Each structure stands twice: as C-alpha cells, then as structure tokens.
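Per-entry structural report
Letter by letter, the chains look like this.
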Amino acid sequence: QVQLVESGGGLVQAGGSLRLSCSVSGGMLIINDMSWYRQAPGKQRELVATETSGGRQSYADSVKGRFIISRDNAKNTVYLQMNSLKSEDTAVYYCSARGVRVGSAFVNDYWGQGTQVTVSS
C-alpha cells in the first residue's frame, strides 16, 4: 500500500521560513510528478508547486520567488522550502505523488494526510 507521510508544519511568524517534507513508501510505485497542494479554511484546494520526474518545476503565482520545491528520488521524498511566509499562506499542506504501480497500466494520484502551516502576522 502506498503511503505518503508529511512533516515540518507548524506555527511561524510572518517573514519566517518552514521546510515541509513528504516521504513516499510502499506499493512499488514508479513516481512521475510530485506536488504540494494547500487548502485554507473555506477555500478550495490549490496547487502550490510541482516537480516532474525530469526535474522541471512549476509554481503557483502566489508563491513564486518564495517557495522552492525539490525532491530526492533515491529517498522518494519531496520537500517544500517556504520563505518569506505571509498570513495568507496559512493552510493545510498536502503532498501528492502521481505514478504507476509496478505491474499496473494505470496512473493514480496518491495523497498524504496533510500538515498544518500557520503564519501569524
């Protein structure tokens, strides 16, 4: 069974930094894209950043220049370095892995349980 476990969330003052981590295990998964999403109270989940298996990164306009996504393929881990945090970055952050299980022909998205990030102003 594929499991994604996030860590690194917490409470930080505006202008501060946090680093989120997400490790993928189990299920003999061949991972393509790894992404971070977030969901603030009363809002829809939004895509924050993605890194493809080829190393191409993309970001939501709201976090460009402040957040950096990276991944360690050997460890099946994706990171999100969040700098210059703002109160509007407060949300539950979810990691997602898109991939194919060995022996399967289907691409699926797998999700972590989420980690809370709260930025105080």
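Structure: above.
A short tour of the structure in this document, coming up. (Residues numbered from 1 in each chain as written. Predicted model: local features only at pLDDT ≥ 70, side-chain atom pairs only at ≥ 80, totals over all residues. Heavy atoms only, no water.)

Let us now look at the overall build of the chain. When you go through the chain residue by residue, the secondary structure sums to zero helices and 11 strands. Helices and strands in the chain line up, N terminus first, as β-β-β-β-β-β-β-β-β-β-β. Here the chain has a C-alpha radius of gyration of 14 Å; the compact-globule value for 121 residues is 14 Å, and the two agree. The dimensions of the chain, computed from C-alpha atoms along their principal axes, are 50 × 25 × 25 Å. (Helix = DSSP H or I, 4+ residues; strand = E, 2+ residues; numbered from the N terminus. Rg over C-alpha atoms; globule rule 2.2 N^0.38 Å.)

With respect to the helices and strands, serine 35 occurs in strand β4 (residues 29-39). Polar contacts involving the side chain of serine 35 include one to the side chain of threonine 50, which spans 2.8 Å. (Polar contact = N/O pair within 3.5 Å; in protein donor to acceptor, adjacent residues only side chain to side chain.)

Okay, the environment of alanine 91 next. Along the chain, the position of alanine 91 falls in strand β9 (residues 91-101). Residues alanine 91 and glutamate 46 lie 45 residues apart in sequence; the distance between their C-alpha atoms is 10 Å. Once you skip the residues sitting within four places of it in the chain, alanine 91 turns out to touch Arg38, Gln39, Ala40, Thr115, Gln116 and Val117. (Contact = heavy atoms within 4.5 Å.)

Shape descriptors only; they carry no functional weight alone.
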